[in-house]
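Listed below, chain by chain, are the residues.
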Amino acid sequence: MRVCCSVSGKSASPLDAVAVPSVPRRPKIVLVGGTGRVGSSTASNLLRTIPEAEIVLGSRTRDTFENALLRRPELSSTKHIQLEIDDQQSIERAIRDADLVVHTAGPFQRKMSCSVLDAAITCKVPYLDVCDDTLYSRDARSRMEKAKTAGVPAITTGGIYPGVSNVMAAYMLETAADSPQEESAAMPPSNPDRILYSYFTAGTGGAGPTILETTFLLAGEPVVAFKEGVPVTLEPVSNRRVVDFGRAVGKRGVYLYSLPEVASGREVFNVPSISARFGTAPEPWNWGMVVLARLVPRSTLQNRAVVSAIAKVLDPFIRLVDGIVGEQVAMLIEVEFSDKKIAAGLFVHDKLSESVGASTAAFAYCLLAGETKPGVWYPEQEEAIPNRLLLLKLASHGTKQFLLNKSPWEIESDPVQLGFGIYIQ
């Protein structure tokens with residue numbers, strides 16, 4: 001049982017005072033994989049924030065562009081360009097006169113090259129990707145010196161999770177470090193001890209077979225988490241934890257997956273313990289992923305062609321279930337300190353298919369505004385996003401809840417008010 005006190009009255013959000021800078025007039029933005037669910041959502045949100053932008057959607061065939069326009073009529077002003085993602089020269093031709101290239105053509109697991117980033121560096125075009133794979137993000141980061149020499153600003157893993165979740169953690173750590181602390185021999189300074197990333201998406205979140213492919217591929221990857229500074233290898237889809245995502249979502253089971261914000265967070269924040277979990281609804285989907293990860297040979301789950309074929313077969317059935325459970329998305333980021341205090345951040349949106357586009361477009365806007373230094377950066381690095389509140393203001397568009405630096409009891413779904421600002425849980 002916990003008794004907590006609350007001060008009545010609504011405090012202003014730190015996002016309210018954030019000024020949004022201007023970007024170049026009529027910027028040309030090429031989206032590789034732009035006709036897919038994530039790419040087209042990003043394009044739609046870019047047109048919302050930069051109506052005069054020239055948006056070019058890149059894909060292998062014209063048919064995918066026509067289908068994207070049927071799904072999203074608001075993209076009628078966009079153009080299409082045919083390209084092959086694994087052909088660097090094809091990418092170079094598509095982006096040569098662009099102000100920004102955004103790589104949304106997942107899944108990124110088991111990719112053997114960073115052809116889009118290499119093309120961006122060659123053409124001196126700023127770059128963003130929505131990668132959600134640890135090895136791919138490390139491969140991208142290996143281009144750091146080349147990008148610096150070419151004067152190219154680049155961000156990898158810049159979507160919703162990872163991406164916005166990383167920046168939420170960075171902001172909470174930054175504000176904790178800036179807060180005055182009383183120090184004495186009896187009370188040493190409080191330092192961050194642990195970061196817990198927890199994610200929930202109902203069904204596939206309306207993101208189509210790509211998220212299904214990604215989840216299958218991740219079920220075949222061992223998980224590396226950090227405990228007290230030591231890397232610990234664990235089974236994928238394991239160590240279930242029940243997380244309270246607040247009243248809008250409730251309590252959900254989430255499981256360990258191999259996600260890049262664990263490695264990047266350890267590198268950037270130097271926090272001793274860090275892990276990331278993901279769960280979906282309905283709950284039997286999670287049970288199925290546990291069985292898949294335990295019984296299906298890892299070599300099968302790491303075969304992109306096999307996984308893609310399975311995802312396409314299951315897609316009609318998954319869409320049927322998605323229509324019932326919806327596509328709500330939630331992220332809870334908890335930063336635990338050595339004095340046992342916890343700072344929590346919560347992001348809830350009713351539609352993943354929209355919020356992923358708003359999140360990616362937010363990173364794109366910051367790049368266009370000249371916020372990012374030359375080099376290849378993770379989202380939580382200051383060189384990537386120095387004005388973190390600007391990114392969070394843009395990314396939180398349409399959210400049902402967006403909270404930062406809250407105590408867990410302020411977020412949880414069932415606090416009981418006793419009166420006089422006192423709550424019990």
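Above: the structure in question.
Residues numbered from 1 in each chain as written. Predicted model: local features only at pLDDT ≥ 70, side-chain atom pairs only at ≥ 80, totals over all residues. Heavy atoms only, no water.

### A few points about the overall build of the chain
Then step 1. The helix and strand tally for the chain stands at 15 helices and 19 strands.
Then step 2. Overall size of the chain, expressed as C-alpha extent along the three principal axes, is 65 × 50 × 40 Å.
Then step 3. Evaluated residue by residue, the chain yields a buried proportion of 56% over its 425 residues.
Then step 4. A fraction of 76% describes how many contacts in the chain between residues 6 or more apart in sequence connect residues 24 or more apart.
Then step 5. Taken as a whole, the chain presents about 18,300 Å² of accessible surface, with 53% of it coming from carbon and sulfur. (Helix = DSSP H or I, 4+ residues; strand = E, 2+ residues; numbered from the N terminus. Buried < 20%, exposed > 50% of the residue type's maximum accessible area, 1.4 Å probe, protein only. Contact = heavy atoms within 4.5 Å. Areas by Shrake-Rupley, 256 points an atom, 1.4 Å probe, with all protein chains shown as cover.)

### Structural notes on the nonpolar core
Then step 1. In terms of nonpolar packing, the biggest core is built from 114 residues, with Ile95, Leu391 and Leu392 touching the most fellow members.
Then step 2. Here this core gets 10 residues from one element, more than from any other, and that element is helix H13 (residues 352-368).
Then step 3. Contacts of isoleucine 95, omitting those with residues within four sequence positions, involve Val30, Val101, Ala119, Ala120, Cys123 and Val125.
Then step 4. Within the second largest apolar cluster, 13 residues are counted, among which are Ala202, Val243, Ala281 and Leu332. (Core = buried A, V, L, I, M, F, W, Y, C linked by side-chain atoms within 4.5 Å.)

### Notes on the sheet that holds strand E7 (residues 153-155)
Then step 1. Spatial strand order, E4-E3-E2-E5-E6-E7-E16: seven strands in an open sheet with parallel pairing. The open sheet has two edge strands, strand E4 (79-82) and strand E16 (375-377), and neither has a second partner. With strand direction ignored, the average angle separating the axes of adjacent strands in the sheet is 20°.
Then step 2. As paired strands, strand E3 (residues 54-59) and E4 are joined by four bridges and run parallel to one another. Residue pairing in the sheet places valine 56 in a bridge with lysine 79 of E4. (Pairing = 2+ DSSP bridges. Axes fitted to C-alpha atoms, helices over the stretch in contact; angles between N-to-C directions.)

### So, the packing of helix H5 (residues 134-141) against helix H9 (residues 260-269)
Then step 1. Two elements in contact, H5 and H9, have axes whose closest approach is 8 Å; the angle formed by their N-to-C orientations is 45°. Between H5 and H9, the angle is such that the two are oblique. Here Thr134, Ser137, Arg138 and Arg141 of H5 lie close against H9, whose contacting residues are Pro260, Ala263 and Glu267. (Parallel < 35°, antiparallel > 145°, perpendicular 65-115°, else oblique.)

### Comments concerning the packing of aromatic side chains
Then step 1. On inspection of all chains with the given rule, the structure shows eight aromatic pairs.
Then step 2. Measuring from centroid to centroid gives 6.1 Å for phenylalanine 347 and phenylalanine 402, while their planes differ by 85°, and the two rings are edge-to-face. Residue phenylalanine 347 is located in strand E15 (residues 342-349), and its partner phenylalanine 402 is located in strand E17 (residues 401-406); the two are separated by 55 residues in the primary sequence.
Then step 3. Look at phenylalanine 347 and you get buried, because its relative accessible area is 0%.
Then step 4. Here a set of aromatic residues connected by ring pairs shows up, and it is made of Tyr161, Tyr197, Tyr199, Tyr257 and Phe278. (Phe/Tyr/Trp six-rings, centres within 6.5 Å; stacked < 30°, edge-to-face > 60°.)

### Notes on the packing of helix H3 (residues 88-95) against helix H4 (residues 115-123)
Then step 1. Viewed as axis vectors pointing N to C, H3 and H4 meet at an angle of 50°, and their least axial separation amounts to 9 Å. Here H3 is positioned oblique relative to H4, judged by the angle of their axes. Crossing angle aside, the handedness with which H3 passes H4 is right-handed. Seen from H3, the contacting residues are Gln88, Ile91, Glu92 and Ile95; seen from H4, they are Ser115, Val116, Asp118, Ala119, Ala120, Thr122 and Cys123. (Left-handed = near helix turned anticlockwise from the far one by under 90°.)

### Here's the deal with the pattern of salt bridges
Then step 1. With the rule as written, the count across this model stands at 16 salt bridges.
Then step 2. Its salt-bridge partner being glutamate 174, residue arginine 388 comes within 3.5 Å of it at the nearest N-O pair. With a gap of 214 residues between them, arginine 388 in helix H14 (residues 388-395) and glutamate 174 in helix H7 (residues 164-178) connect regions that are remote in the sequence.
Then step 3. For glutamate 174, a relative accessible area of 30% gives the class partly exposed.
Then step 4. Here the salt bridges share partners, and the residues they tie into one network are Arg72, Glu74 and Glu354. (Salt bridge = Lys/Arg side-chain N within 4 Å of Asp/Glu carboxyl O.)

### A closer look at unusual backbone geometry
Then step 1. With an omega of 0°, the peptide bond between tyrosine 161 and proline 162 qualifies as cis.
Then step 2. Of note, proline 162 is situated in the loop between E7 and H7.
Then step 3. Note that the residue after alanine 281, namely proline 282, is joined by a cis bond; omega there is 5°.
Then step 4. By the element assignment, proline 282 lies in the loop between strand E13 (273-281) and helix H10 (283-295).

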